[in-house]
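# Observations on the model geometry
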Amino acid sequence: MTKRAYKERLYPTPEQAVLLAQSFGCVRLAWNNSLAYRTEAYQQHGESVSSSAAEKRLVDLKAEYPWLADVSSVILQQALRDQKAAFDNFFNPKLRARYPRFKRKDGRQSIRLTKAVFRYREGEITIAKSKVPLPIRWSRPLPSAPSSITISQDRAGRYFISCLCDFAPNALPITPKMAGIDLGLTDLFITSDGAKSGNPRHLKRYEAKLAYLQRQMAKKQKGSENRAKLRRKVATLHAKIADCRRDATHKATRTLINENQVLCVESLNIIGMVKNRSLAKAIGDAGWGEFVRQLEYKAAWASRQVVKVNQWFPSSKLCHGCGHKVEKLPLSQRHWHCDSCGQVIDRDINAAKNILTAGLAGLACGATGAGAAA
């Protein structure tokens, strides 16, 4: 058994929308106040505030802001526990997480509820201080009663509920097929058998409309209702672009997992690559990090294997036939001509074949350095 989150669309009643708005505001205050206190204590006195001390401050905070009692105290405590997890991730050198940030009123809002604050009965979820179940548009039944739920509202004003449930994955039948995957921009991914995905360029498709709305919003007075309306339009368009990208990525990764027993991918330094101002927008729109993340967790569920090849492996500069290596290979050169064996092949397909070879070699010998890491 493993844990899996099931995310569904939520359409709260007007009363529930008011309750959720209050809960979002209270959680935001508790988070920001605690984060400011911890940051100030460390910067001025070099002290590290423990999570228990941060939770004890909720008593004083409720005395200062009596309206915090309008929502369940459990969600405030849970917000501080999530903040502790954020600090733990920040101090973990392996995760390389950034310092916890303050929550904005006009940003994404969310609250997390444990079993003590909601009831799940006959496929319906009722939260504390609400008399009726949440109107959820279920796309599928839950495999078990959720252990916790997260209710969120994005910048476009849409509500979502994510239910964390026990999940028993079903392994797919073993197949002899294996593939190497080279990530790119002309095609989002290229497999070692010559298949190219193309690049739908979701952002570029709506770029002109997005620029127009942003220009209109910049002309409006800050704090005005007209600016707020345009901000929601911009957020709605961004949400549409993100939904299109996410849907295409899910479909592509599901197909690759279903068809291949082993997938070999390259480990890219995406954070460093987006510093290239000429390619930053295209790299961000490609969503390589999300693509690899989905491959990894879907492979674990289906008893498949994803092998990561070291980012310094020269997959593009090696001839997959004879192993000859060239010193320079500009991006404008899209076909690879081997001076040693005379082979002419598409640059990306050659790289995908090399990634497959290196990944299988690393998988066979358990290499984790210059070869591959499973």
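Quick caveat, the model's predicted, so the values are computed rather than measured.

Turning our attention to the sheet that holds strand 5 (residues 136-137). The strand order across the open sheet formed by five strands is 2-6-7-1-5, and the pairing between neighbours is antiparallel. Pairing within the sheet leaves two strands with one partner each, and these edge strands are strand 2 (109-114) and strand 5. Where strand 1 (residues 2-10) meets strand 5, two bridges bridge the pair, whose relative direction is antiparallel. In the strand pairing of strand 5, Arg9 is matched with Arg137. Lying over the sheet, helix 1 (residues 14-45) contacts strand 1, strand 2, strand 6 (148-153) and strand 7 (159-167), oriented at roughly 95° with respect to strand 2.

Moving on: the UniProt feature "domain: Cas12f1-like TNB" (unreviewed entry) in the protein chain. If you check UniProt for "domain: Cas12f1-like TNB" (unreviewed entry), the listed places come out as residues 288-355 in our numbering. Split by type, residues 288-355 is 35% helix and 16% strand. Its first and last C-alpha atoms lie 16 Å apart.

A few words on the environment of Asp247. Positionally, Asp247 belongs in helix 6 (residues 225-259). With a relative accessible area of 40%, Asp247 lands in the partly exposed category. Sequence separation between Asp247 and Thr186 is 61 residues, and the spatial gap between their C-alpha atoms is 19 Å.

All right, on to the pattern of salt bridges then. Applying the stated criterion to the full structure yields 19 salt bridges. With its nearest N and O atoms 3.8 Å apart, the salt bridge here joins Arg140 to Glu8. Of the two residues, Arg140 sits in the loop between strand 5 and strand 6 while Glu8 sits in strand 1, which places them 132 residues apart along the sequence. Asp346 is the salt-bridge partner of Lys196, the closest N and O atoms lying 2.9 Å from each other. Taken together, the residues span a long stretch of sequence, with Lys196 in the loop between strand 9 (189-191) and helix 4 (202-205) and Asp346 in strand 13 (residues 344-346) at a distance of 150 residues.

Here is what the cut-offs are and how they apply
- Residues numbered from 1 in each chain as written.
- Predicted model: local features only at pLDDT ≥ 70, side-chain atom pairs only at ≥ 80, totals over all residues.
- Heavy atoms only, no water.
- Pairing = 2+ DSSP bridges.
- Helix = DSSP H or I, 4+ residues; strand = E, 2+ residues; numbered from the N terminus.
- Contact = heavy atoms within 4.5 Å.
- Axes fitted to C-alpha atoms, helices over the stretch in contact; angles between N-to-C directions.
- UniProt positions renumbered as here; feature names shortened; annotations may be inferred.
- Buried < 20%, exposed > 50% of the residue type's maximum accessible area, 1.4 Å probe, protein only.
- Salt bridge = Lys/Arg side-chain N within 4 Å of Asp/Glu carboxyl O.

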